[in-house]
Amino acid sequence: MSTKMSIRQYCFVLWELTKRELKRKYARSFLGILWSCVYPLMRMALVVVLFSTIFNKGIDKYPAYYFVGFLMFEFFATATQTSLTTLKDNRNLLVKSKLPRELFVLSRVLTAFVNFLLGCIPFAAVLAWYRARVTVYYCMIPVVLILLLVFTTGVSYIVSIWYVFRRDARNIYTNFLFILRFFVAMFYAVEWVSDGVQWVIKHNPVYAYIYVMRQCVIYGQQPGSMYLYQIVVWAVVLLVVGILTFKKYENEVVERL
Amino acid sequence: MRKIRQRIENKVEELRQNMFVIRQLVARDRKRNLSSTFMGELWEVINPLINMVVMVLVFSKMFGKDSSGKFPLYILTGTTIYGLFSSGTEMCLDALYVNKNFLIKTQINKSIYIAEKILWAFRNFIYSLIIYAFMVALYRLQPSVSWLLVLPDIVLLIIMMIGIGKLLAIINATFADISYFYKIFTLMIFYSSALFYRIDILSPKIQTCFLINPVYIAIEIARRCVMENVYPDSKCWIILGVYAVGCYTIGTSFFKRRIDDIVAKM
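Residues numbered from 1 in each chain as written. Chains lettered and ligands numbered in written order. Predicted model: local features only at pLDDT ≥ 70, side-chain atom pairs only at ≥ 80, totals over all residues.

A.B. asks: Sorry if this is basic, but what is going on with the overall build of chain B here?
C.D. replies: Scanning chain B from N- to C-terminus turns up 11 helices and 0 strands. Starting at the N terminus and ending at the C terminus, chain B contains elements arranged as α-α-α-α-α-α-α-α-α-α-α. Seen through its principal axes, chain B has C-alpha atoms that stretch 60 × 45 × 40 Å. In chain B, which comprises 266 residues, the share counted as buried stands at 33%. Sequence separation of 24 or more characterises 81% of the internal contacts of chain B that already satisfy a separation of 6 or more. (Helix = DSSP H or I, 4+ residues; strand = E, 2+ residues; numbered from the N terminus. Buried ≥ 20, exposed ≤ 12 C-beta atoms within 10 Å, placed from the backbone. Contact = placed C-beta atoms within 7 Å.)

A.B. asks: Help me out: how do you make sense of the overall build of chain A in this one?
C.D. replies: Counting its regular elements, chain A contains 11 helices and 0 strands. Counted from the first residue to the last, chain A has its helices and strands arranged as α-α-α-α-α-α-α-α-α-α-α. Radius of gyration (C-alpha) of chain A: 19 Å, near the 18 Å computed for a compact globule of 257 residues. Residues classed as buried in chain A amount to 39% of the 257 residues present. For chain A, the share of sequence-separated contacts (at least 6 apart) that also reach a separation of at least 24 residues comes to 78%. (Rg over C-alpha atoms; globule rule 2.2 N^0.38 Å.)

A.B. asks: It is not clear to me how the interface of chain A and chain B should be interpreted in this structure. Could you clarify?
C.D. replies: If you look at the interface, chain A gives 22 residues, while chain B gives 24 residues. Going through the elements one at a time, α2 (35–54) and α8 (169–182) of chain A are the ones with two or more residues in the side of chain A that touches chain B. With 8 residues, the top contributor of residues to the side of chain A that touches chain B is α2 of chain A.

A.B. asks: How should the nonpolar core be read in this particular structure?
C.D. replies: Nonpolar side chains in soluble globular proteins generally cluster together in the buried interior. All names here are of chain A. Met72, Tyr209 and Ile210 are the most contacted members of the largest nonpolar core, which totals 126 residues. In terms of residue count, the dominant contributor to this core is helix α3 (residues 62–84) (14 residues). Excluding its chain neighbours within four sequence positions, the residues that come into contact with Met72 are Leu148, Tyr209, Ile210 and Met213. (Core = buried A, V, L, I, M, F, W, Y, C linked by C-beta atoms within 7 Å.)

A.B. asks: What am I meant to see in the packing of helix α3 (residues 71–92) of chain B against helix α7 (residues 150–174) of chain B here?
C.D. replies: Geometry of a packed helix pair, given as the angle between the helix axes and the separation of the axes. Residues and elements named next belong to chain B. Viewed as axis vectors pointing N to C, α3 and α7 meet at an angle of 30°, and their least axial separation amounts to 8 Å. As summarised for this structure, α3 and α7 are arranged roughly parallel, according to the angle between their axes. In terms of crossing hand, the pair formed by α3 and α7 is right-handed. Facing α3, whose interface residues are Leu84, Phe85, Gly88, Thr89 and Cys92, α7 presents Leu157, Met161, Ile164, Gly165, Leu168 and Ala169. Residue composition of the contact of α3 with α7, by class: 8 nonpolar, 3 polar and no charged. (Axes fitted to C-alpha atoms, helices over the stretch in contact; angles between N-to-C directions. Parallel < 35°, antiparallel > 145°, perpendicular 65-115°, else oblique. Left-handed = near helix turned anticlockwise from the far one by under 90°. Nonpolar A, V, L, I, M, F, W, Y, C, P; charged D, E, K, R; others polar.)

A.B. asks: What is the right way to read the confidence of the model for chain B from this model?
C.D. replies: Residues and elements named next belong to chain B. Averaged over every residue, the pLDDT of chain B is 87; the share at 70 or more is 96%. When the elements of chain B are averaged for pLDDT, helix α1 (residues 2–34) gives the smallest value, 80, and α7 the largest, 94. For this predicted complex, the interface score ipTM comes out at 0.83, while the overall pTM is 0.88. (pLDDT = per-residue confidence, 0-100.)

A.B. asks: Before we go on, may I ask you to explain the environment of Gln142 of chain B in this structure?
C.D. replies: Looking at where Gln142 of chain B falls in the secondary structure, it is placed in the loop between α6 (112–138) and α7. In sequence terms Gln142 of chain B and Thr208 of chain B are 66 residues apart; their C-alpha atoms lie 30 Å from each other.

A.B. asks: What's the story with helix α2 (residues 42–63) of chain B in this structure? I'm lost.
C.D. replies: Every α-helix carries 3.6 residues per turn, so stepping three or four residues along brings you back to the same face. Taking 1.5 Å per residue, 22 residues should reach 32 Å; α2 of chain B reaches 30 Å between its end C-alpha atoms and fits that length. Where α2 of chain B bends most, the angle comes to about 35°, and this point is Leu57 of chain B. All of the buried residues in α2 of chain B are Asn47, Pro48, Asn51, Met52, Val54, Met55, Val58, Phe59 and Phe63 of chain B. At its buried positions, α2 of chain B is contacted by α8 and α9 (195–202) of chain A together with α3 and α6 of chain B. (Expected span 1.5 Å × (residues − 1). Bend = angle between axes of the 7 residues up to and from the residue.)

A.B. asks: Would you explain the packing of α7 of chain B against helix α8 (residues 178–191) of chain B in this entry?
C.D. replies: All names here are of chain B. Direction vectors running N to C along α7 and α8 enclose 145°, while the axes themselves pass 9 Å from each other. Residues Leu168, Ile171 and Asn172 of α7 touch α8, and the partners they reach there are Ile178, Ser179 and Tyr182. Partitioning the contact of α7 with α8 into residue classes produces 4 nonpolar, 2 polar and no charged.

A.B. asks: I keep staring at unusual backbone geometry and nothing clicks. Help me out?
C.D. replies: When glycine is set aside, most residues are seen to have a negative phi, and most peptide bonds are trans. For Lys61 of chain A, which is not a glycine, the phi torsion comes out positive at approximately 50°. The residue Lys61 of chain A is located in the loop between α2 and α3 in this model. We classify Lys61 of chain A as partly exposed; it has 17 C-beta atoms within 10 Å. With a phi angle near 55°, Asn229 of chain B is a residue other than glycine that sits in the positive phi range. As for its position among the elements, Asn229 of chain B is in the loop between α10 (214–227) and α11 (234–265).

A.B. asks: Mind showing me how you'd approach the environment of Met5 of chain A here?
C.D. replies: All names here are of chain A. Locating Met5 in the fold gives a position in the segment before α1 (7–25). Expressed as a C-alpha distance, the spacing of Met5 and Pro100, which sit 95 residues apart in the sequence, is 8.9 Å. Excluding its chain neighbours within four sequence positions, the residues that come into contact with Met5 are Tyr10 and Pro100.

A.B. asks: Would you take a moment to explain the confidence of the model for chain A for this structure?
C.D. replies: When pLDDT drops low, the exact placement of atoms in the prediction is not to be read closely. Looking at chain A, pLDDT values average 88 and 97% of them are 70 or higher. Ranking the elements of chain A by mean pLDDT puts α2 of chain A last, at 85, and helix α7 (residues 140–165) of chain A first, at 94.

A.B. asks: Sorry if this is basic, but what is going on with the environment of Arg131 of chain A here?
C.D. replies: All names here are of chain A. By the element assignment, Arg131 lies in the loop between α6 (102–129) and α7. Among the residues examined, Arg131 registers 7 C-beta atoms within 10 Å and is labelled exposed. When the C-alpha positions of Arg131 and Trp15 are compared, they lie 35 Å apart, and in sequence the two are 116 residues distant.

In structure tokens:
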């Protein structure tokens, strides 16, 4: 990086970019950013009503169970999918300014994260309604969130570069996310599917984050150590690989855009 | 006599022009969607296959036991028709908004923008039928006359989609929040169209609730015709017909009434 920015400047630019994204996202609607709260709530209500009629076996505290899965998966999906095209979308700014290029990826991730946090407000209301006990495991929440953020950032770095080199990356990734959505046990319990599928779900990093979060927040239980181990390793590995890939190809990107 | 001939000629000329515009718009959409994709149209074919495989994997233990071994085909029938409905109507949401420049600068019939989106969805539907035909061949289903009934089934569904599409496009031009509501709505249709479960597992009371859902009816008709070689009962046809005619008239009249206003505001 030729231009040295202080951390304050860096954060300032990041936040400005994020604000721009948020504004753009809700530009034409009346409720605006409120949709980040309302939409997950509506969705949860619908799924809970439908599934209590379709599935006769129940899941303990199903609304909260679904809510965690939905919010966390949606964060991962939105962050990575919007990061995928971010370098191309911000092409003008990228070529003309000397801003560090990773800022464009980080701003998309941060936008999705802000959305996620807003979605957590109605989730907290659901928890309160269940009178979920506040346990020591609540201390785990920030840790899990940061690890998920790190993991998502790593993936975002990789896919943003991938799209520059292969334009059908978007199609492939959209399909991949569609498949992934069914393998994070969002609206069903893992035990309900066949053994092979169970194995896949249990080795899916996104599921690991969701599982740990559910155990800590909803059920107040110690999550299995295999998953704890998984979420740390996935986050570290993806971040390292992500940064290395990004640094390696960052300069080629400008020529290719 | 000459007057009538003149009028017919005018109509034909108009239709020819409209087809030209539709073709142009489709070509543009196609470029936007696929220009960067090296696999191009192949995606349209592979997509439904992937969807089917995933849903079979996830749901076969939960719901697949009592479906006489044709669970994949059962799912594929549902997802193919649901895909036509949801993609077609969802694309209509910003049919007017995206074509802003066209709308202001040209005088062609405004409902063309809706028709084009539906046509695009229909084209993808035709592609997905390749996989469907393959699955039908795999299960060695006996061809029968009842298969032909799928045709009016799809036609009715599309008429309904045009009505809904017009409604959505008009509303979305002034009230963008509709897209969120519609996302919730399609999710509701997704889960309540019995795509991956049989409604026999539900209580009779809830089973009758499914008859409100036109997409479920369209799917059910197709399943009976193709998979069971049975003629669907008239009740299903009547409900679907009422939906098609109802949505179409409401959508079209609403569209006609509001379109000039919306173009003026752009």
